[in-house]
Amino acid sequence: QCNRAWEQVKELERIIEEERKSAAEKLSNKMLKQKQNKATKRAEQFRVKGNKSYAAGDLSSAEGYYAEAILLLESSGMALIDKNHLTLRTNRAAALMALGREHDALQECLNVLNVDEENIKALSQAATCALSLSNLNSARKYIARIVLSSTASVDDLQSAQLQQETLLRACIERDKSSGNDAYKRADYAEALRLYTVALKDVNDIADVTDEIQKIKVGLHSNRAATHMMLGNPLKAAEDCCNALKIHPGNVKIQLRYARCLLLLGDFEAAFQEANDVLTQENIETVTKNEANEIHKDIQTSERVLNEVGELLKRFEEEKDVTDEKEAKRVSEEALKKMNKVTQIAPKIPMLITLKAEAMRFSGKYDEARSLLESNEPSDDPRRRALEARICFDFGYLSDCIEAALPVTKSTSSSQSSLDACVPDRKKLILLVEQAVNA
């Protein structure tokens with residue numbers, strides 16, 4: 001009986017304790033509710049004051065009121081997840097942005113996005129802050145989230161489009177500047193990559209102003225210079241053409257284009273481009289000197305290649321190519337003469353052909369073949385004839401026949417022109433016939 005009585009007492013005490021705790025919790029919740037209600041009312045008052053101050057242009061006071069409202073709600077134990085609470089944060093972010101405090105404004109935007117990741121206003125503000133802070137990758141992500149959001153209105157999308165334009169301009173300026181720095185330190189591969197990225201962004205800009213066109217011209221010109229440093233005159237010429245379509249009177253680019261044409265061995269077109277610059281009025285002395293220098297280089301290159309071409313062709317046709325001593329002398333003479341052209345334009349297709357031809361005469365078959373294979377291919381008849389002869393020297397008869405086909409199979413109208421440019425074409429035809437019979 002004593003034990004039973006004791007158990008009853010303990011049960012009674014437990015019930016009393018639970019009732020006490022429940023009463024205390026209810027009282028606490030009631031007091032918290034009262035505190036939160038009071039905080040909500042005061043926060044609303046601060047919000048209204050903040051809005052009035054913001055409308056009046058008193059941004060500092062507006063930011064202070066919004067901050068006080070947020071602090072009141074947080075200190076009352078409320079989780080700021082209600083739409084009105086999030087609006088307080090975006091309002092404060094707007095005031096902070098106007099005050100130039102982008103870091104603080106971005107943090108408020110992130111506070112909102114942690115609760116509502118599709119809050120368009122917070123995303124838009126975050127994008128603006130990121131742009132101001134030059135955090136372009138983050139800005140790109142925020143803008144993309146607006147565009148992909150199902151809750152974005154037409155106005156939201158239009159605003160995002162404007163931000164996208166700002167972003168593209170900032171990316172273009174960044175990549176162009178970085179490309180210039182890479183070019184100055186001779187990192188041409190990186191400069192090429194950056195100029196290419198910047199050009200892609202320029203082409204994505206919808207509002208093509210004169211300023212954008214000017215930037216595009218500069219990027220094409222810079223990339224052309226980079227291609228030239230990398231030994232790609234054809235791609236450089238393409239960039240020059242694109243720039244000149246936008247700005248035909250740009251003499252700097254026109255001279256660069258002339259230099260590209262020279263490097264490609266198109267002497268007539270290169271001469272004409274440089275001559276067009278010289279005929280313009282009021283050109284600067286530096287520009288005039290550069291155009292004259294291109295003229296001089298063209299004349300030197302064309303003269304030397306013609307002389308060497310005739311020398312090697314005559315030796316192929318008139319001399320006994322089995323005379324190793326004479327062949328070596330002719331080869332050395334030709335290579336020595338071509339040194340001048342190598343300094344001016346080392347990748348001219350005809351220069352490569354004649355160098356390989358001279359090497360073959362002195363018995364340097366491997367070097368001649370390697371030279372041809374390491375440079376851009378050419379359909380020039382003289383090059384194809386040389387390739388056929390080298391293939392025959394190595395015993396590659398099928399390759400010999402294939403290389404010689406455009407040269408040996410000709411119409412009556414083209415025969416004379418082929419005979420003029422291909423050394424001893426008749427001997428080549430006989431050589432191919434041997435390959436076929438073999």
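**Here we look at the overall build of the protein chain**
So, step 1. Secondary structure summary: the protein chain contains 20 helices and 0 strands in total.
So, step 2. Looking at the 438 residues of the protein chain, the share that counts as buried comes to 40%.
So, step 3. Of the roughly 25,000 Å² that the protein chain leaves accessible, carbon and sulfur atoms contribute 50%.

**Brief notes about the environment of T353**
So, step 1. As for its placement among the helices and strands, T353 is situated in helix α15 (residues 349-361).
So, step 2. Classification of T353 as buried rests on a relative accessible area of 1%.
So, step 3. For the pair T353 and R383, spaced 30 residues apart in sequence, the C-alpha to C-alpha distance is 5.7 Å.
So, step 4. Non-local contacts of T353, meaning those with residues more than four positions away in its chain, are made with L372, R382, R383 and L386.

**Re α15**
So, step 1. With 13 residues, α15 extends 19 Å between its outermost C-alpha atoms, agreeing within 8% with the 18 Å of an ideal straight helix rising 1.5 Å per residue.
So, step 2. Extensive coverage of α15 is indicated by the burial of 11 of its 13 residues.
So, step 3. Here α15 has its buried residues at L351, I352, T353, L354, K355, A356, E357, A358, M359, R360 and F361.
So, step 4. Where α15 is buried, its residues meet α13 (285-318), α14 (324-344), α16 (365-373) and α17 (381-394).
So, step 5. Within two residues after α15, G363 carries a phi angle of roughly 85°, on the positive side.

**So, the packing of aromatic side chains**
So, step 1. Summed over all chains, the structure comprises 4 aromatic pairs.
So, step 2. Taken together, a centroid distance of 5.2 Å and an interplanar angle of 70° make the contact between Y183 and Y188 edge-to-face.
So, step 3. Look at F315 and F361: their rings are 5.1 Å apart centre to centre, the planes differ by 70°, and that puts the pair in the edge-to-face class. Of this pair, F315 sits in helix α13 while F361 sits in helix α15; the two residues are 46 residues apart in sequence, bridging distant segments of the chain. Each member of the pair, F315 as well as F361, carries the same accessibility label: buried.

**Some remarks on the confidence of the model for the protein chain**
So, step 1. Here the protein chain averages 87 in pLDDT, and 87% of its residues register 70 or above.
So, step 2. When pLDDT is averaged over each helix and strand of the protein chain, the minimum, 56, is found for helix α19 (residues 412-421) and the maximum, 96, for helix α5 (residues 120-132).

**Details of helix α7 (residues 154-184)**
So, step 1. Helix length check: α7, at 31 residues, gives a terminal C-alpha distance of 45 Å against a target of 45 Å (1.5 Å per residue), a fit within 8%.
So, step 2. Contacts from the buried residues of α7 go to α5, α6 (136-148), α8 (188-204) and α9 (210-229).
So, step 3. Two residues or fewer past α7, A186 is found with a positive phi of approximately 65°.

**Comments concerning the side chain of Q254**
So, step 1. The topology assignment puts Q254 in helix α11 (residues 251-263).
So, step 2. Residue classification places Q254 among the buried positions, given a relative accessible area of 7%.
So, step 3. What Q254 contacts, discounting residues up to four positions off in sequence, is L244, P248, E273, D276, V277 and Q280.

**A few points about the pattern of salt bridges**
So, step 1. Under the criterion given, the structure shown has 25 salt bridges.
So, step 2. The salt bridge involving R92 is made with E108; its shortest N-O contact spans 2.7 Å. With R92 in helix α3 (residues 83-98) and E108 in helix α4 (residues 102-115), the pair connects residues that are 16 residues apart, well separated along the chain. Like E108, R92 is buried.

**What about the nonpolar core?**
So, step 1. In terms of nonpolar packing, the biggest core is built from 40 residues, with L305, V308, L312, A334, M338 and I348 touching the most fellow members.
So, step 2. Elements supplying a minimum of two residues to this core: α9, α10 (233-246), α11, α12 (267-278), α13, α14 and α15.
So, step 3. Considering each element in turn, this core owes the most residues, 9 residues, to α13.
So, step 4. With near-sequence residues (within four places) excluded, L312 lies in contact with V330, A334, L354, E357, A358, F361 and R382.
So, step 5. With 26 residues, the next largest nonpolar core counts L86, A126, A130 and L167 among its residues.

**Digging into a nonpolar patch on the surface**
So, step 1. The grouping of V147, L148 and L157 at the surface amounts to a nonpolar patch, some 300 Å² of accessible area in total.
So, step 2. For L157, the position within the fold is in helix α7.
So, step 3. Residue L157 is classed as partly exposed on the basis of its relative accessible area of 35%.

So, how was this worked out
Within any chain, residue numbers begin from 1 and follow the written order of that chain's sequence. The predicted origin of the model limits local features to residues at a pLDDT of at least 70 and limits the giving and counting of side-chain atom pairs to 80 or more, whereas totals for whole chains, interfaces and linings rest on all residues. Processing note: side-chain calculations cover all non-hydrogen atoms of the structure and skip hydrogens and water entirely. Note on conventions: DSSP H or I runs of at least 4 residues are helices, E runs of at least 2 residues are strands, and numbering of each starts at the N terminus. The classification of residues rests on relative accessible area computed with a 1.4 Å probe and restricted to protein chains. Under 20% of the type maximum is buried, over 50% is exposed, and intermediate values are partly exposed. Under the convention used here, a 1.4 Å probe and the Shrake-Rupley method define accessible areas, while residue burial counts only the protein chains that appear. In what follows, a contact means two residues having at least one pair of non-hydrogen atoms within 4.5 Å. Under the convention used throughout, the expected extent of a helix is 1.5 Å for every residue step, that is, one less than its residue count. Whether two aromatic rings pair depends on their centres lying within 6.5 Å, for rings of Phe, Tyr and Trp, where Trp uses its six-membered ring; planes under 30 degrees apart make the pair stacked, over 60 edge-to-face, and the rest tilted. For every residue, the predictor states its confidence as a pLDDT score lying anywhere from 0 to 100. We count a salt bridge whenever a side-chain nitrogen from Lys or Arg sits within 4 Å of a carboxyl oxygen from Asp or Glu. Among buried residues, the Ala, Val, Leu, Ile, Met, Phe, Trp, Tyr and Cys ones that are joined through side-chain atoms within 4.5 Å form a nonpolar core. Patch construction takes residues with relative accessible area above 30% that form no salt bridge. Like charges are linked within 9 Å, and nonpolar side chains (Val, Leu, Ile, Met, Phe, Trp, Tyr) are linked within 5 Å.

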